[in-house]
Amino acid sequence: MAYTSRLKLCIAMDVLIFIVAIIITNPWNNNDSAVGLGSLLFLLLGFIATQLYKDSGKCKKWRDLWKETSWMLALYAVMGFSVLLSLIEPENAYYKMAWILSFIANPLIRDIRNYMYAVKFDIDSCEDVNELVNSYPEAKQHISKEI
């Protein structure tokens, strides 16, 4: 399967995991057990399966190809700050929801970014990073790997 097709499926799975995370971490249901161990295990297994599927087979060569965006770095900061706040005030469900959703939103943003670059630079027609840069010199500014 082509890398762009894998990314489409991963984006769909990331969106599904994000929606499920919103439902189970919903702080408005006044239920402290909304984020149960089973629910978090489901999200974690879905997240791991999606990431392994995306980076398996021939597509492994494209893993961590692109530079991190400022949106992702901002979400990491939000996640760290909300984890800290949830440790200080563990009964506040909003902090718990913030760090779980920021944790799950990062792969979604990464997969959307990877898909946009894969389509823009026709990555399915390239065999490796060097061929990608030779075909599309403007891609070099977005690549994090050394060539």
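Summary of the structure given here. (Residues numbered from 1 in each chain as written. Predicted model: local features only at pLDDT ≥ 70, side-chain atom pairs only at ≥ 80, totals over all residues. Heavy atoms only, no water.)

**Some words on unusual backbone geometry**
Working step 1: Of note in the backbone geometry, aspartate 122 takes a positive phi value of approximately 45° without being a glycine.
Working step 2: Within the secondary structure, aspartate 122 sits in the loop between α4 (93-120) and α5 (129-135). (Helix = DSSP H or I, 4+ residues; strand = E, 2+ residues; numbered from the N terminus.)

**Re a nonpolar patch on the surface**
Working step 1: Among the surface-exposed residues, Val15, Ile19 and Ile23 lie close enough to one another that they form a single nonpolar patch of about 260 Å² accessible area.
Working step 2: Along the polypeptide, isoleucine 19 turns up in helix α1 (residues 3-24).
Working step 3: On the basis of relative accessible area, isoleucine 19 is assigned to the partly exposed category, the value being 44%. (Patch = residues over 30% accessible without salt bridge, like charges linked within 9 Å, V, L, I, M, F, W, Y side chains within 5 Å. Areas by Shrake-Rupley, 256 points an atom, 1.4 Å probe, with all protein chains shown as cover. Salt bridge = Lys/Arg side-chain N within 4 Å of Asp/Glu carboxyl O. Buried < 20%, exposed > 50% of the residue type's maximum accessible area, 1.4 Å probe, protein only.)

**What to know about the pattern of salt bridges**
Working step 1: Taken as a whole and assessed by the stated rule, the structure comprises one salt bridge.
Working step 2: The salt bridge partner of arginine 110 is glutamate 68, with a shortest N-O separation of 3.7 Å. Of the two residues, arginine 110 is situated in helix α4 and glutamate 68 in the loop between α2 (37-54) and α3 (70-88); the sequence distance between them amounts to 42 residues.
Working step 3: Look at arginine 110 and you get buried, because its relative accessible area is 17%.

**What about the packing of aromatic side chains?**
Working step 1: Inspection of every chain in the model, using the stated rule, returns four aromatic pairs.
Working step 2: With a centroid separation of 4.6 Å and 45° between ring planes, the pair formed by tryptophan 66 and tyrosine 117 is classed as tilted. With tryptophan 66 in the loop between α2 and α3 and tyrosine 117 in helix α4, the pair connects residues that are 51 residues apart, well separated along the chain.
Working step 3: Its relative accessible area of 16% is what places tyrosine 117 among the buried residues.
Working step 4: Site record: aromatic cluster; members linked through ring pairs are Trp66, Tyr117, Phe121 and Tyr136. (Phe/Tyr/Trp six-rings, centres within 6.5 Å; stacked < 30°, edge-to-face > 60°.)

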